[in-house]
Amino acid sequence: FFLKIMPPEDVPTTGVLDTWSRKLQYVLDKSSPLVLYRWIFCSVVLSIYCLRVYYLNGWFIVTYGLGIYLLNQLIGFLSPQVDPEETDIDVGLPTREKEEFRPFARRLPEFKFWYSCTRAIVMAGSMTFFELFNVPVFWPILLLYFIVLFVITMKRQIRHMIKYRYVPFSWGKAKYVTAGNKSSAADKK
């Protein structure tokens, strides 16, 4: 009586969900080239989350889980798309003039990194509204363990960068001018 089984073509679609999904995708598409503003927004959301956890003095397990997730995303962002340790193919940067230039390709692109970090912070923030996730723990141990984990992981990642000679950032690299242009690279800065 209440559970009437309808064929798939008769099932009403959720118009509100489709509308919100399209609006969110529109905002994400428009924000794609605005890298600085996206990261400022993410920093503001993270600051609000940290202030909420600080003033409520709880939800440390949620914060620890968020920190581990963000660390995992950071490693994906800093890692090359093809790991040289796992393949026999030479994917390092060219060392001779005759070798072809290959730009650094990330395992996790910047936009997906930003989106997953922001979404995780919002989800963790929404979890702070439910007492179910406020598990009592001794937070200094979690903080110490996270710091040790962060240092060890970043040390390993930096060694990997040095061993395979790649830099995952484009700022700070030398910029060269074309042969037809008479100005020097120092004039461009």
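This text follows the structure it describes.
Please read all numbers here as calculations on a predicted model, not as lab measurements.

The next thing to look at is the nonpolar core. Judged by nonpolar contacts, the single largest core of 24 residues is most densely connected at Tyr-49, Leu-66 and Ile-121. Elements supplying a minimum of two residues to this core: helix 2 (35-56), helix 3 (60-78), helix 4 (110-127) and helix 5 (139-163). Broken down by element, this core gets its largest block of residues, seven residues, from helix 3.

The next point concerns helix 4. An ideal rise of 1.5 Å per residue puts 26 Å on 18 residues; helix 4 measures up with 26 Å between its terminal C-alpha atoms. Where helix 4 is concerned, the buried positions are Glu-110, Phe-113, Trp-114, Ser-116, Cys-117, Thr-118, Ala-120, Ile-121, Ala-124 and Gly-125. Taken together, the buried residues of helix 4 touch helix 1 (15-31), helix 2 and helix 3.

This next bit is on the packing of aromatic side chains. The description of two aromatic rings rests on the distance between their centres and on the angle between their planes. Scanning the entire structure with this criterion turns up eight aromatic pairs. Geometrically, the ring pair formed by Trp-39 and Phe-113 is tilted, given 5.3 Å between the ring centres and 45° between the ring planes. Placement of Trp-39 in helix 2 and of Phe-113 in helix 4 is noted, with a sequence separation of 74 residues between them. Look at Trp-39 and you get partly exposed, because its relative accessible area is 24%. Within the aromatic cluster, the residues linked to one another by ring pairs are Trp-39, Phe-77 and Phe-113. A cation over an aromatic ring shows up here: Arg-38 above the ring of Trp-114, its NZ or CZ 5.2 Å from the ring centre.

Here we take up a nonpolar patch on the surface. A cluster of nonpolar side chains, contributed by Leu-34, Leu-36, Tyr-37, Ile-40, Val-44 and Ile-48, occupies part of the molecular surface with about 610 Å² of accessible area. Relative to the assigned elements, Tyr-37 resides in helix 2. Using a relative accessible area of 58% as the deciding quantity, one classes Tyr-37 as exposed.

So, about the pattern of salt bridges. The tally for this structure, following the rule as stated, stands at one salt bridge. Note that Arg-38 is salt-bridged to Glu-110, the shortest N-O span being 2.9 Å. Placement of Arg-38 in helix 2 and of Glu-110 in helix 4 is noted, with a sequence separation of 72 residues between them.

Cut-off values and rules
- Residues numbered from 1 in each chain as written.
- Predicted model: local features only at pLDDT ≥ 70, side-chain atom pairs only at ≥ 80, totals over all residues.
- Heavy atoms only, no water.
- Core = buried A, V, L, I, M, F, W, Y, C linked by side-chain atoms within 4.5 Å.
- Buried < 20%, exposed > 50% of the residue type's maximum accessible area, 1.4 Å probe, protein only.
- Helix = DSSP H or I, 4+ residues; strand = E, 2+ residues; numbered from the N terminus.
- Expected span 1.5 Å × (residues − 1).
- Contact = heavy atoms within 4.5 Å.
- Phe/Tyr/Trp six-rings, centres within 6.5 Å; stacked < 30°, edge-to-face > 60°.
- Lys NZ or Arg CZ within 6 Å of the ring centre and 35° of its normal.
- Patch = residues over 30% accessible without salt bridge, like charges linked within 9 Å, V, L, I, M, F, W, Y side chains within 5 Å.
- Areas by Shrake-Rupley, 256 points an atom, 1.4 Å probe, with all protein chains shown as cover.
- Salt bridge = Lys/Arg side-chain N within 4 Å of Asp/Glu carboxyl O.

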